[in-house]
Amino acid sequence: RPPPRTTTRNNQEDELLTSNFAAALTPDPTACILDTQSVKTSTDVPLASQGTDAGKKIVGRKRGVVTDTLGLLLAVTVAGAHLSDNTLGTHLLDQAKSTYRTLTQTAGVCHHGPRRP
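Residues numbered from 1 in each chain as written. Predicted model: local features only at pLDDT ≥ 70, side-chain atom pairs only at ≥ 80, totals over all residues. Heavy atoms only, no water.

Asker: Sorry, what's going on with the pairing of strand 3 (residues 58-68) here?
Answerer: Side chains on a regular strand alternate between the two faces of the sheet. Here strand 1 (residues 31-40) pairs with strand 3 via nine bridges, running antiparallel. Each bridged residue has a counterpart across the sheet, and for Ile33 the counterpart in strand 3 is Thr67. Sheet topology note: the strand 2 (residues 51-53)/strand 3 ladder contains three bridges and is antiparallel. Looking at the pairing, Thr52 lines up with Val59 of strand 3. Taking the residues between adjacent antiparallel strands as the criterion, strand 2 and strand 3 are bridged by four residues, where Lys57 takes a positive phi near 55 degrees. (Pairing = 2+ DSSP bridges. Helix = DSSP H or I, 4+ residues; strand = E, 2+ residues; numbered from the N terminus.)

Structure, rendered in structure tokens:
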């Protein structure tokens, strides 16, 4: 069995690799993904903090999330389920855009309910 190969690099090569990698990454995101989800709440939750999602017939809350393309959270909000996805999405995008001014592209996840044959 041959001995395992070992490679040696000097500090100059390490610095070059590190600087090239760092130069390729931008610290601020330019694209984001938005999604919302309705969640049922407990019966102990105050009525003022929940609502009814008419499309899904769920009494509860709606949470919205904006992530970058790596899946890192950029913005999160929780509201009553009575809010529409458009209203919640507009609020989320405003929140994300005020923090990350480099955002130029947005992808939204569309849910159209269950498919029927």
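Asker: Looking at this structure, how should I read the pairing of strand 1?
Answerer: The pairing of strand 1 with strand 5 (residues 105-108) spans four bridges and is parallel. By the bridge assignment for strand 5, Ala31 is matched with Gln105.

Asker: I keep staring at the nonpolar core and nothing clicks. Help me out?
Answerer: A general feature of soluble globular proteins is that nonpolar side chains tend to end up buried together. Core analysis: the largest hydrophobic core is formed by eight residues, namely Cys32, Leu34, Val66, Leu74, Ala75, Leu92, Ala96 and Leu103. Sorting the residues of this core by element identifies strand 1, strand 4 (73-80) and helix 2 (85-99) as the ones contributing at least two each. (Core = buried A, V, L, I, M, F, W, Y, C linked by side-chain atoms within 4.5 Å. Buried < 20%, exposed > 50% of the residue type's maximum accessible area, 1.4 Å probe, protein only.)

Asker: Would you mind showing me how to read the pattern of salt bridges here?
Answerer: Two side chains that carry opposite charge are able to pair once their charged atoms sit near each other. Considering all chains together, one arrives at one salt bridge under this definition. Across the pair Lys62 and Asp85 runs a salt bridge whose closest N-O atoms are separated by 3.0 Å. Of the two residues, Lys62 is situated in strand 3 and Asp85 in helix 2; the sequence distance between them amounts to 23 residues. Exposure remark for Lys62: the relative accessible area of 4% places this residue in the buried category. Using a relative accessible area of 40% as the deciding quantity, one classes Asp85 as partly exposed. (Salt bridge = Lys/Arg side-chain N within 4 Å of Asp/Glu carboxyl O.)

Asker: Would you take a moment to explain the side chain of Thr77 for this structure?
Answerer: With respect to the element layout, Thr77 can be found in strand 4. The contacts of Thr77, once residues within four sequence positions are left out, are Lys62, Arg63, Gly64, Leu88, His91, Leu92 and Gln95. (Contact = heavy atoms within 4.5 Å.)

Asker: When you look at the environment of Ile58 in this model, what are you seeing that I'm missing?
Answerer: Mapped onto the elements of the fold, Ile58 is located in strand 3. Sequence-wise, Ile58 and Ala81 are 23 residues apart; in three dimensions their C-alpha atoms are separated by 7.6 Å. Sequence-distant contacts of Ile58, that is, excluding residues within four places in its chain, are made with Ser38, Val39, Lys40, Gly51, Thr52, Asp53 and Ala81.

Asker: How should helix 2 be read in this particular structure?
Answerer: Spacing of three or four residues puts side chains on the same side of an α-helix, whose turn is 3.6 residues. End to end, helix 2 covers 21 Å across 15 residues, agreeing with the expected 21 Å (1.5 Å per residue, within 8%). Taken as a whole, helix 2 has its buried residues at Leu88, Gly89, Leu92 and Ala96. The buried residues of helix 2 occupy an angular sector of 100 degrees when projected down its axis, which confines them to one face. Taken together, the buried residues of helix 2 touch strand 1, strand 3 and strand 4. (Expected span 1.5 Å × (residues − 1). Arc of directions from axis to C-beta.)

Functional significance is not addressed by these values, which are geometric in nature.
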